[in-house]
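Here is how the chains run, residue by residue.
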Amino acid sequence: TQLLEQSPQFLSIQEGENLTVYCNSSSVFSSLQWYRQEPGEGPVLLVTVVTGGEVKKLKRLTFQFGDARKDSSLHITAAQPGDTGLYLCAGSPGTYKYIFGTGTRLKVLA
Amino acid sequence: DVKVTQSSRYLVKRTGEKVFLECVQDMDHENMFWYRQDPGLGLRLIYFSYDVKMKEKGDIPEGYSVSREKKERFSLILESASTNQTSMYLCASSWTSGRAYIQYFGAGTRLSVL
């Protein structure tokens, strides 16, 4: 069974701090997505990465896909309370099925 | 913008009732999915459909069925609702761009079965 392990599971930080969330697997993915989900809402797509070593930036968020396409990271610079939420990674092994990460619950305190 | 619309945000049903959850997408996507999300268990795939009238079981199909009569609409049916089906239900649709399979979610339906 393919698994995507996310770390940390929970993170509580002060506004203005930086943080990194990791998404790791022993399997290779053809693409990987990151989502943010707020309580009571569906996950909202943040980014899709496809190429090994790829780096994408979305304002204060930086996403990296590992060279071997088995892992990914999300780095947030100067976190704000609006970044609070559940961050999910999801990998596609090359089919239309997805493997979801275990999730990282982030709380940014003002 | 891709839009995946779930017909209800909140539903309260009684044990034994037949429950229909509806999902519509407006991007002509081939693939549609139903998941449930529970604390500590993450997202689990119930069923997915890769074409009209085509479906495949996901990881937890027991107690559920689906219908896809039109490309844009994917329905989840709980034949006889039970309390252990209380959950957040998420519909998604996806498309392929090169090597990327990109999935979009609806806002979710929180179902309570009493």
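First, a word on scope: everything that follows refers to the structure included in this document. (Residues numbered from 1 in each chain as written. Chains lettered and ligands numbered in written order. Predicted model: local features only at pLDDT ≥ 70, side-chain atom pairs only at ≥ 80, totals over all residues. Heavy atoms only, no water.)

As for the interface of chain A and chain B
Size of an interface, as often reported, equals the accessible area lost when the parts are brought together. At the junction of the two partners, chain A supplies 23 residues and chain B supplies 23 residues. Taken together, both faces of the contact between chain A and chain B bury some 1900 Å²; the carbon and sulfur share is 57%. A per-residue breakdown of the area chain A buries against chain B is headed by Y96, Y98 and F100 of chain A, which together make up 32% of the total. Summed over the shared surface of chain A and chain B, the result is 1 salt bridge. Joining chain A to chain B, the criterion identifies 9 residue pairs in polar contact (both at pLDDT 80 or more). (Contact = heavy atoms within 4.5 Å. Buried area = accessible area lost by both parts, 1.4 Å probe. Salt bridge = Lys/Arg side-chain N within 4 Å of Asp/Glu carboxyl O. Polar contact = N/O pair within 3.5 Å; in protein donor to acceptor, adjacent residues only side chain to side chain.)

A closer look at the nonpolar core
Ranked by internal contacts, the top residues of the largest apolar core, which has 22 residues, are L19, L32, W34, F63, L74, I76 and L106 of chain A. Mapped onto this core, the elements with two or more residues apiece are β3 (19-24), β4 (31-37), β5 (44-49), β7 (61-65), β8 (71-76), β9 (85-92) and β11 (104-109) of chain A. The contacts of L106 of chain A, once residues within four sequence positions are left out, are L11, I13, L19, I76, D83, T84, G85 and Y87 of chain A. Residues C23, W34, L78 and C91 of chain B belong to the second largest nonpolar core, which totals 20 residues. (Core = buried A, V, L, I, M, F, W, Y, C linked by side-chain atoms within 4.5 Å. Buried < 20%, exposed > 50% of the residue type's maximum accessible area, 1.4 Å probe, protein only. Helix = DSSP H or I, 4+ residues; strand = E, 2+ residues; numbered from the N terminus.)

Things to note about the sheet that holds strand β8 (residues 73-78) of chain B
All names here are of chain B. Strand order across the open sheet formed by 4 strands is β1-β3-β8-β7, with antiparallel pairing between neighbours. Single-partner strands in this sheet number two, and they are β1 (4-6) and β7 (64-70). Within the sheet, the average angular offset between the axes of one strand and its neighbour, ignoring direction, is 20°. (Pairing = 2+ DSSP bridges. Axes fitted to C-alpha atoms, helices over the stretch in contact; angles between N-to-C directions.)

So, the sheet that holds β3 of chain A
All names here are of chain A. Sheet architecture is open: 5 strands sit in the order β1-β3-β8-β7-β6, paired in antiparallel fashion. The sheet is open, and its two borders are formed by β1 (5-7) and β6 (55-58), each paired with just one other strand. Here the average twist between neighbouring strands, direction ignored, is 15°. Alignment of β6 against β7, held across 4 bridges, turns out to be antiparallel. Bridging from a neighbouring strand, L58 pairs with L61 of β7.

By themselves these figures say nothing about function.
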